[in-house]
Amino acid sequence: MTMLQGFQIALHALRLNPLRSFLTMLGIVIGVASIVTVFAIGAGAQLRLQEQIRSIGANVLMITPGAVYQGGVRLKDGSKLTMTESDVQAILEQIPEIQAAAGSIAGTAQVIHEGKNWNTTINGTTTGHFMVRDWQLSSGRYFSSAEEAAAGKVVILGSTVARELFAPDADPIGAQIRIMKVPLEVVGVLDRKGPAQDDVAFVPLTTAKLRFLGSASNINRDSVAYIIAKVAADGQMAGARSEIEGLLRQRHRVPAGQEDDFKVQDPAAAMEAQQGAIRTVALLLVAIASVSLLVGGISIMNVMIVSVTERTREIGIRRALGGRMRDIRLQFLCEALVLCLLGGAIGVLSGVTLSMTVARMAGWITSIDSEAIALALAFSIATGLIFGFYPAHKASKLSPIEALKTE
Amino acid sequence: MTATLPLISLRSVGRTYRTDGIAVTAVRNVSFDVDQGEILAVMGPSGSGKSTLMNMIGLLDLPSEGAIYLEGTNVADLSEDRRSTLRARSIGFVFQSYNLLARHNAIENVALPLVYCGVGHKERLGRAEQSLEAVGMLHRAHHFPRQLSGGEQQRVAIARALIASPLIILADEPTGALDSRTGAEILALFAALNQTGQTIVMITHDPGIATQCRRTIHLHDGELVGDETQIPLIPKRSVAS
Ligand SMILES: Nc1ncnc2c1ncn2[C@@H]1O[C@H](COP(=O)(O)OP(=O)(O)OP(=O)(O)O)[C@@H](O)[C@H]1O
Ligand SMILES: [Mg+2]
């Protein structure tokens, strides 16, 4: 008897009892579907983080507001803008490892161009921002010093905003758009950096303060929401960081023993740590899903043992008609394999569907790679072989005479 | 006549079952030959060892004493796999309870032994049709066992036993579950097959049936107590006295 005949017999037997066959393979279906989904979501989360790490740029430090004390009461981090443009200037001038630095303030607003309308992040900053992030232009230019000094009515668009406001063949450079009723000229469009990064419009820091936040009373004219700074080399990150901390403590007159009113962070390192955490969680989830595969295998073994008992007479007949022990073993092994493969295939399909649904509904990025699918299918074949072997072996060992006597 | 090797030779064959230390001897010291083309009835009371003997001739079981030779080969010298393959190619079983696979239709049942002979799907079905034709059941090829009467099921079982052109057909009370008229029809089918040269060994309780076979063997308590060749009802040739 050949493998092919074994599979034909197996399919015939399984078709006779479709509900039972389906219930038997349900454990495998669920196990494989969870493995595929966990892999897809885990890989998606990794991709997203990697993209974020890339988009920040290499060797970047980020300085954000920290604890603020008012009358002895510690306020929430970031509740007051403690950084200033002079801090940026001091960092640039006094810390040799810093190549570029820029302060930013940001908010969201509608951008309008000829009836097209898009809600996006407005970031007020200086050209240094693009230097820190290694962010090139796809067309146009950065802000001029004159524009930065005199609150020029100019804007640089992220590629998503450019796509949403302009027809594919139109050149945005030189066009007029409006943000909060202020007409601005588009002077540049940025390269793509990633879906989460490209949805932004940059204006000079002075423009943002004067024209958009002018009336906000809680804002010091000099203050910025955060500062980003580029360190010259990878090995200088720690040194640059402590130098910035020292400089800012001095400038902000933080008394000894009190918490800083700012925080210096290395976002890439933080995200890499996060990436490790995601990997750990994904592995844990795969381990849990594997348990379901194990349970699925046990359920297949259980049903196969019952099936061998039920079909003892059939086994006796097949042996009397010339079936060898190995033919009987192959027949039942094929049945277990078909159950597992079918369960695995259904599991892969449901896993792919599930992760695509999750991606659409939760807005997560998922990534289905063929390796995960191959791995899941290999797992189910292994399950079939491992848990199908004992019942198949048991069937092959039956004495044909005894088997023929059973009812 | 040239002395040809008998198809089957039994030499002092015995079979003892041992369960929980208790030994039951089902067959003891049985010797006889079966020649090519014979039709042989095996008679004896219940428990006299007929089925045990037939299982050994059919390579489903081995003697615990003595030896069985199939075309000169001691079957005990063959491997388990080889005996299985010989069952597929050289032995055709017919059982009292038909033993068709309930979930397969007639033609699939008939073709089954050829699966274990390594014959391809198309040829299997072609030969199964011929075999069904030979027992007059071709028109029921796609019916399932439960849709057939006992006599019809037994015809399908005989077609299955015939399909690989076996050296011998072994039938254990093939008419035992049938009424006398249907039984007679099945018997006529066996007689017709024997006319074409098919060797048949048939266990029966019915002396009427035994008398239609040229030779009858009698077992009692596992021992051979009679081996007689009688004048058949339809004599083919006179028996020398
Ligand atoms: N597996 C076994 N273990 C122990 N004893 C057995 C076994 N099989 C058969 N026997 C015994 O061997 C003896 C012969 O049994 P066998 O089935 O050959 O009889 P039989 O002539 O075919 O009877 P029947 O006409 O009722 O079918 C009986 O006493 C039976 O109890
Ligand atoms: Mg019997």
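Structural notes, computed from the coordinates. (Residues numbered from 1 in each chain as written. Chains lettered and ligands numbered in written order. Predicted model: local features only at pLDDT ≥ 70, side-chain atom pairs only at ≥ 80, totals over all residues. Heavy atoms only, no water.)

### Topic: the state of the cysteines
Reasoning step 1: Under the defined criterion, the tally for this structure stands at zero disulfides over all chains.
Reasoning step 2: For the unlinked cysteine A:Cys340, the closest cysteine sulfur is that of A:Cys334, found at 12 Å.
Reasoning step 3: Using a relative accessible area of 0% as the deciding quantity, one classes A:Cys340 as buried.
Reasoning step 4: Cysteine B:Cys117 is unpaired, with the sulfur of A:Cys334 as its nearest cysteine sulfur at 19 Å.
Reasoning step 5: Taking the relative accessible area as the measure of exposure, B:Cys117 reaches 16% and is therefore buried. (Disulfide = S-S within 2.5 Å. Buried < 20%, exposed > 50% of the residue type's maximum accessible area, 1.4 Å probe, protein only.)

### Details of the interface of chain B and chain A
Reasoning step 1: The partner chain A presents 22 residues to the 25 residues of chain B that form the contact.
Reasoning step 2: Between chain B and chain A, a total of about 2200 Å² is buried, with carbon and sulfur atoms accounting for 56% of that surface.
Reasoning step 3: At the junction of chain B and chain A, the tally comes to two salt bridges.
Reasoning step 4: Two residues, B:Glu80 and A:Arg319, come together in a salt bridge whose shortest N-O distance is 2.9 Å. (Contact = heavy atoms within 4.5 Å. Buried area = accessible area lost by both parts, 1.4 Å probe. Salt bridge = Lys/Arg side-chain N within 4 Å of Asp/Glu carboxyl O.)

### Concerning the sheet that holds strand β6 (residues 91-94) of chain B
All names here are of chain B.
Reasoning step 1: Taken together, the six strands give an open sheet; going across it, the order is β6-β7-β8-β3-β9-β10, and neighbouring strands pair in mixed fashion. Strand pairing shows two members of the sheet lacking a second neighbour, β6 and β10 (223-229), which therefore form its edges. Averaged over neighbouring strand pairs, the angle between their axes works out to 15° when direction is ignored.
Reasoning step 2: Both β6 and strand β7 (residues 168-172) contribute to a ladder of four bridges, which runs parallel. Within the sheet, the bridge partner assigned to Phe93 lies in β7 and is Leu170.
Reasoning step 3: Seen against the sheet, helix α1 (residues 50-57) touches β3 (39-43), β6, β7, β8 (199-203) and β9 (215-220) and runs at an angle of roughly 155° to β7. (Pairing = 2+ DSSP bridges. Helix = DSSP H or I, 4+ residues; strand = E, 2+ residues; numbered from the N terminus. Axes fitted to C-alpha atoms, helices over the stretch in contact; angles between N-to-C directions.)

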